[in-house]
Amino acid sequence: MNKREFFRRRKRLMDLMGDESVAIIPTSPVHIRNRDVEFPHRPDSDFFYLSGYPEPEAVLVLVPDRHHGEFVLFCRERDEKMETWNGRRSGLEGACDIYGANDAFPIEDMDDILPGMLEDRERIYYTMGNDSGFDQRVLGWVNQVRKQARTGINAPDEFVSLNHLLHEMRLFKSRSEITLMKKAAKISCHAHKRAMKVCKPGMMEYQIEAELLHEFMRHGCRSAAYPSIVGSGENGCILHYTENNSEMNDGELLLIDAGAELEGYASDITRTFPVNGEYSKEQKQIYELVLEANEKAIKKVRPGNHWNDPHDVAVEILTEGMVSLGILKGTVKSNIKNESYKKYFMHRTGHWLGMDVHDVGDYKLDGEWRKLEPGMVTTIEPGLYFQPQNGLQKKWWNIGVRIEDDVLVTKEGNEVFSHDAPKTVDEIQALMATAKVA
Ligand code: GLY
Ligand code: MN
Ligand code: MN
């Protein structure tokens, strides 16, 4: 992502915020894994979207029309000793030269400097509730300015969440964001194919996870966008299963929900295939039903359709299928009306995708499902999950299938980013068979 794009984003946001306002956006805190060990730092998506600044302990302040520059970064200073122990820092100079800040100050000096930036501003754009310690500091700064009222300085008296303006911007992807997301999805497809090729009964799920990560990293993605789900047999019926520590058995399905993150952008792809390379009769029946729902839902992704249209069609197809296979009793209509399909399809058909895997952006406007528009990216991910339970014939037990693609709304309709990962029964079986011969 080039510097110009970050500049354009800040400019656009400040135009929307208006003069007389100020925005305060901290990056995510450092999280401790255990004792002296930290989790790798992942910048807050709002912060990164506006700055591209990757280091921890930083706060971005946007001050429209500020005489000394509108983009201010509080960040870590260079420190030879700390850098020798813990890694390089770009310092105050780097904040300006590399990331385009107009002004940079040491993060330690924020309590002294930031209140001055709030003087005579009417509104503070700041999202409360993410970090109560930081919320208190922001209130403290405002109170500090209020105390100067008698000297004629006005303190802001309006707090506005940044979410509305900023998340609406993030919902619509630019050309360079689309390029990154396509690339992330392509890399994830390589990983799914690799998993199909190496998978065999007797392996552990985490061995497949290792293959996925290998493929992500080998293509330049330093991390998965979320912990990979590698669930075989009954584990495939647990929606967010991440233990990945079971042995995979002959005759089971393997559900893999895994996506690489590239320069802060996520992909989110699920494929479900047989551990031994061949779907059983029942596995194939359910798989093809979910595939039909996936394909028909993708067709509904086009401008002018409502956000909920892909979900409605997925519900219809899955319910019809379950009725005709005898899994649901009664009519299609009654099962949809009383939502009995939810026992086996309990999640929604998709979510926005972007810097966050469950990305920001409203799904409804004024109480109505919003319309799809070019530049939005959604997942399409119908699924069916049959845990052993009352009334269900044994032949369906432990079949868990989800098929998830990443789909861009275009002017003409849509573009599927994740088409390189095979998804028909024939394609998958053929790929797995070739791999076994080789
Ligand atoms: N990987 C989480 C999801 O598919 O929503
Ligand atoms: Mn998803
Ligand atoms: Mn997923």
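Structure's up top.
Residues numbered from 1 in each chain as written. Chains lettered and ligands numbered in written order. Predicted model: local features only at pLDDT ≥ 70, side-chain atom pairs only at ≥ 80, totals over all residues. Heavy atoms only, no water.

*Asks:* Give me the lowdown on the coordination of the manganese ion (ligand 3), citing residues and values where you can.
*Replies:* Metal coordination angles in their ideal form are 109.5 degrees for the four-donor tetrahedron and 90 or 180 degrees for the six-donor octahedron. Taken together, the protein donors to the manganese ion (ligand 3) comprise Asp257 (OD), Asp257 (OD), Asp268 (OD) and Glu404 (OE), at separations of 2.0 to 2.3 Å. Each of the six donor atoms around the manganese ion (ligand 3) contributes to a set of angles spanning 58 to 171 degrees, which defines the coordination as irregular. Sequence positions of the donors to the manganese ion (ligand 3) reduce to the motif D-x10-D-x135-E. The metal-metal distance between the manganese ion (ligand 3) and the manganese ion (ligand 2) comes to 3.2 Å, with Asp268 coordinating both. (Donors = N, O, S within 2.8 Å, 3.2 Å for Na, K, Ca; no water. Tetrahedral: all angles 85-135°; square planar, octahedral: opposite > 155°, others 65-115°.)

*Asks:* Can you lay out the coordination of the manganese ion (ligand 2) for me, pointing to particular residues and giving the numbers?
*Replies:* Coordination of the manganese ion (ligand 2) by the protein comes from Asp268 (OD), His351 (NE2), Glu381 (OE) and Glu404 (OE), over a distance range of 2.0 to 2.2 Å. Geometry at the manganese ion (ligand 2) is irregular, judged from the six donor atoms that bind it and their angles of 51 to 154 degrees at the metal. We note that the donor set of the manganese ion (ligand 2) lies within a single chain, spaced as D-x82-H-x29-E-x22-E.

*Asks:* Before we move on, can you summarise the site of ligand 1 with the specific residues and values?
*Replies:* Ligand 1 sits among Tyr226, Asp257, Asp268, His351, His358, Glu381 and Glu404. Contact distances for ligand 1 include 3.0 Å between an oxygen atom and a side-chain N or O atom of Glu381. Within the side chain of Glu404, one N or O atom sits 3.2 Å away from an oxygen atom of ligand 1. Summarising the interface, the protein chains cover 91% of the accessible area of ligand 1, which totals 200 Å² for the free molecule. Class assignment of the residues belonging to the shell around ligand 1 gives a composition of one nonpolar, two polar and four charged. (Near = heavy atom within 4 Å. Polar contact = N/O pair within 3.5 Å; in protein donor to acceptor, adjacent residues only side chain to side chain. Areas by Shrake-Rupley, 256 points an atom, 1.4 Å probe, with all protein chains shown as cover. Nonpolar A, V, L, I, M, F, W, Y, C, P; charged D, E, K, R; others polar.)

*Asks:* Account for the sheet that holds strand S9 (residues 223-224), with residues named and values stated.
*Replies:* Spatially, three strands are ordered S9-S12-S13 in an open sheet, and the strand pairing comes out antiparallel. Each of the sheet's edge strands pairs with one partner strand only, and the pair in question is S9 and strand S13 (265-266). Pairing of S9 with strand S12 (residues 260-262), which is carried by two bridges, proceeds in the antiparallel orientation. Residue pairing in the sheet places Ser223 in a bridge with Glu261 of S12. Packing of helix H8 (residues 175-198) onto the sheet brings it into contact with S12 and S13, and relative to S12 it is tilted by some 150 degrees. (Pairing = 2+ DSSP bridges. Helix = DSSP H or I, 4+ residues; strand = E, 2+ residues; numbered from the N terminus. Contact = heavy atoms within 4.5 Å. Axes fitted to C-alpha atoms, helices over the stretch in contact; angles between N-to-C directions.)

*Asks:* I'd love a proper account of helix H10 (residues 281-299), names of residues and values included.
*Replies:* For H10, built from 19 residues, the straight-helix expectation of 27 Å at 1.5 Å per residue is met to within 8% by its first-to-last C-alpha distance of 27 Å. Buried within H10 are the following residues: Glu282, Gln283, Ile286, Tyr287, Leu289, Val290, Leu291, Ala293, Asn294, Ala297 and Ile298. (Expected span 1.5 Å × (residues − 1). Buried < 20%, exposed > 50% of the residue type's maximum accessible area, 1.4 Å probe, protein only.)

*Asks:* Give me the pairing of strand S11 (residues 253-258): which residues, what numbers.
*Replies:* With six of six residues buried, S11 lies mostly within the body of the structure. Both faces of S11 are covered, namely the face carrying Leu253, Leu255 and Asp257 and the face carrying Leu254, Ile256 and Ala258. In the sheet, strand S10 (residues 229-232) pairs with S11 via four bridges, with the strands oriented antiparallel. The residue bridging Gly231 from the neighbouring strand is Leu255, located in S11. Strand direction decides the pairing type here: S11 and strand S14 (residues 269-274), joined by six bridges, are antiparallel. Across the sheet, residue Ala258 finds its bridge partner in S14, namely Ile269.

*Asks:* Please set out the sheet that holds strand S8 (residues 158-160) residue by residue, giving values where relevant.
*Replies:* If you trace the six strands from one edge of the open sheet to the other, you get S6-S5-S4-S1-S7-S8, paired in mixed fashion. Among the strands making up the open sheet, the edge pair consists of strand S6 (103-106) and S8. Direction aside, neighbouring strands of the sheet carry axes that sit 20 degrees apart on average. Strand direction decides the pairing type here: strand S1 (residues 21-26) and strand S7 (residues 123-125), joined by three bridges, are parallel. Its bridge partner being in S7, Ser21 is matched across the sheet by Arg123. In the packing of helix H5 (residues 110-118) onto the sheet, the strands contacted are S1, strand S4 (59-62), strand S5 (71-75), S6 and S7, and the crossing angle to S5 comes to about 160 degrees.

*Asks:* Any chance you could break down the state of the cysteines for me, citing the residues and the numbers?
*Replies:* On inspection of all chains with the given rule, the structure shows zero disulfides. In this model Cys75 remains outside any disulfide bridge; the closest cysteine sulfur is found in Cys96, 7.9 Å from its own. (Disulfide = S-S within 2.5 Å.)

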